[in-house]
Amino acid sequence: MQLYTDSWAVANGLAGWSGTWKKHDWKIGDKEIWGRGMWMDLSEWSKTVKIFVSHVSAHQWVTSAEEDFNNQVDRMTHSVDTTQPLSPATPVIAQWAHEQSGHGGRDGGYAWAQQHGLPLTKADLATATAECPICQQQRPTLSPR
């Protein structure tokens, strides 16, 4: 999986720091690292999925693939409901795979995830499809005759 981030902390964390954090029980000194649960989940996930990390510059004034990726990530993060507790990574990744498949439903999202090496199940994609606001608006409704 290719991960693009404009955060040097995330890039460095995935590229090497996380190994040190793990050895020290996810702490720096006596203080827990920020996002400890997320880093622990990523550490487990990286045992089965190869993650390639690329740092991209934040918001360049020129149009580029990096800028497109950065804007896409920004849109995704701004759509998160911060009033709710954070959920495990799988639903977020399944929703992303569903969107990347062109809202292709359970099977389209599953095929896309498999092609990109994401360890998602058809059940994960079925949930993502059912919870997708775009797909909910496009569902046909039955009307009485």
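Description of the structure in this document.

Rules used throughout
- Residues numbered from 1 in each chain as written.
- Predicted model: local features only at pLDDT ≥ 70, side-chain atom pairs only at ≥ 80, totals over all residues.
- Heavy atoms only, no water.
- Phe/Tyr/Trp six-rings, centres within 6.5 Å; stacked < 30°, edge-to-face > 60°.
- Helix = DSSP H or I, 4+ residues; strand = E, 2+ residues; numbered from the N terminus.
- Buried < 20%, exposed > 50% of the residue type's maximum accessible area, 1.4 Å probe, protein only.

**Observations concerning the packing of aromatic side chains**
Turning to step 1, where the next piece is worked out: In the structure shown here, the tally under the stated rule is three aromatic pairs.
Turning to step 2, where the next piece is worked out: Relative to tryptophan 21, the ring of tryptophan 17 has its centre 6.0 Å away and its plane inclined at 55°; by these criteria the two rings are tilted. Of this pair, tryptophan 17 and tryptophan 21 are both found in helix H1 (residues 8-23), four residues apart, which corresponds to roughly one turn of the helix.
Turning to step 3, where the next piece is worked out: Consider the rings of tryptophan 96 and tryptophan 112, whose centres lie 5.2 Å apart with planes at 85°: the pair is edge-to-face. Of this pair, tryptophan 96 sits in helix H4 (residues 89-100) while tryptophan 112 sits in helix H5 (residues 105-115), placing them 16 residues apart in sequence.
Turning to step 4, where the next piece is worked out: By relative accessible area, which is 14% here, tryptophan 112 ends up buried.
Turning to step 5, where the next piece is worked out: Cluster of aromatic residues (ring-pair linked, three or more members): Trp17, Trp21 and Trp39.

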